[in-house]
Amino acid sequence: MDEAVAAASGGEARDVSVELLVFLVLLAVALYKLHNRWTQDNEHSGDADESNKESVHKHLSQLLHNKSIHKVHVWEPISSFPAISSPLHHIREVRIPIAVSDIDLSPLKKCIRLETLYLAGPPLSKAHLNTLQSLSSLHTLQLKQSRVVVDKNNSVKGFCKVEDVLHLARTHTSLQRLFLPPHVCKPIGVVAKVFGKANVAVVKLKHSIAVGDIVFLQRTQTSFESGSNSAHHWKSKQTIVEEIRLDNHDTVSIAEYNDTLGDDHIDNKVAIKLNEVGKVGDAVMWCGMEKPQQQ
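Quantities reported herein were computed from a predicted structural model and do not represent experimental measurements.

We now examine the overall build of the chain. Broken down by element type, the chain carries 3 helices and 17 strands. Long-range contacts, defined as pairs at least 24 residues apart, comprise 62% of the intrachain contacts of the chain with a sequence gap of at least 6. Accessible area of the chain: about 17800 Å², with a carbon and sulfur share of 53%.

Printed below as a string of structure tokens:
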């Protein structure tokens, strides 16, 4: 009796071992097939990405060289700009999202009548700004969908800073409108006096200010609630500077900061009208440019 029970138990054990072995073999086969399919999918995906890049590149090239098209709009990010062998006189506007920060934009120089340029994507380099500086017909530069700078106080070699963008605005011969994302701003002065009823502020300059500058006021407010210090930035409404008045009541199109004089010197102070005047001590932040249209 005991021997019969033992024999039966041994048979069941062998059956279990065989079933377990079969299960492990089937599992291994399934995992192997899954791995192969995943590898193939990734290979196909890589091929599709490369194919898509080539397609976008070719499409952009066709648009640029089509003389019946004056506005070139591409919605897929591009990694490289098509080569342009001869000047293109028919292109007036280009809108392109950039995929990589080291893209060469110099072919845009061939668009000798380019008036409006929209760029979106990663930060811009100093080489990009040099290219933009050389676009002699450029009237509007829209960068609101671009990061523009790595950080507003960045020191990453090769990338532009806010100061570089401001320099472009001040020195470009034809640029009239420059639009930037909210984080790209630079302090150019401090509110020294406020005339609330007239919405006028006297500003102590730290940098030049020009008619057409887009500015806002910023104030750092500290809260001591719940025993912890917390700070946040108050920002006023944006204003397009329409008039700059000196102490002698003369008006100028641009007021330069004279670093040989003290910050409190009267020649380093100007009066401007604002949409929201704020308080004494508020920082005046530059964040773009929209010059008035010439009549």
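The next point concerns the nonpolar core. Leu-64, Phe-81, Ile-96, Leu-117, Leu-141, Leu-178 and Ile-209 are the most contacted members of the largest nonpolar core, which has 60 residues in total. Counting residues per element, this core draws most heavily on helix H3 (residues 162-171), which supplies 5 residues. Each residue touching Phe-81, except ones within four places of it in the same chain, is listed here: His-57, Leu-60, Leu-64, Ile-96, Ile-103, Asp-104, Leu-105, Pro-107 and Leu-108. Ranked by size, the runner-up nonpolar core spans 6 residues in total, among them Phe-179, Cys-185, Phe-216 and Cys-287.

Turning to a nonpolar patch on the surface, a few remarks are in order. A surface patch of nonpolar side chains, about 600 Å² in accessible area, is lined by Leu-20, Phe-23, Leu-24, Leu-27, Leu-31 and Leu-34. Relative to the helices and strands, Phe-23 resides in helix H1 (residues 2-65).

Next up on the list: the side chain of Thr-131. Relative to the helices and strands, Thr-131 is located in helix H2 (residues 126-133). Beyond its immediate sequence surroundings of up to four residues, Thr-131 is in contact with Leu-105, Ser-106 and Lys-109.

The share of residues in the chain with pLDDT of 70 or more is 84%, and the mean pLDDT across the chain is 86. For the stretch residues 4-8, pLDDT sits under 50, and the model shows 0 contacts to residues farther than four places along the chain or on other chains. Per-residue pLDDT stays below 50 along residues 43-48; that stretch engages in 0 contacts with residues further than four places along the chain or on separate chains.

For strand E17 (residues 283-290), the tally of buried residues reaches 6 of 8 residues, placing the bulk of the element in the interior. Looking at chain direction, strand E6 (residues 177-179) and E17 are connected through 3 bridges and run antiparallel. Bridge pairing links Phe-179 to Gly-288 in E17. Of the pairings in the sheet, the one linking strand E7 (residues 186-195) to E17 comprises 4 bridges and is antiparallel in character. Paired with Pro-187 across the strands is Met-285, a residue of E17.

Cut-offs used in this document
Residues numbered from 1 in each chain as written. Predicted model: local features only at pLDDT ≥ 70, side-chain atom pairs only at ≥ 80, totals over all residues. Heavy atoms only, no water. Helix = DSSP H or I, 4+ residues; strand = E, 2+ residues; numbered from the N terminus. Contact = heavy atoms within 4.5 Å. Areas by Shrake-Rupley, 256 points an atom, 1.4 Å probe, with all protein chains shown as cover. Core = buried A, V, L, I, M, F, W, Y, C linked by side-chain atoms within 4.5 Å. Buried < 20%, exposed > 50% of the residue type's maximum accessible area, 1.4 Å probe, protein only. Patch = residues over 30% accessible without salt bridge, like charges linked within 9 Å, V, L, I, M, F, W, Y side chains within 5 Å. Salt bridge = Lys/Arg side-chain N within 4 Å of Asp/Glu carboxyl O. pLDDT = per-residue confidence, 0-100. Pairing = 2+ DSSP bridges.

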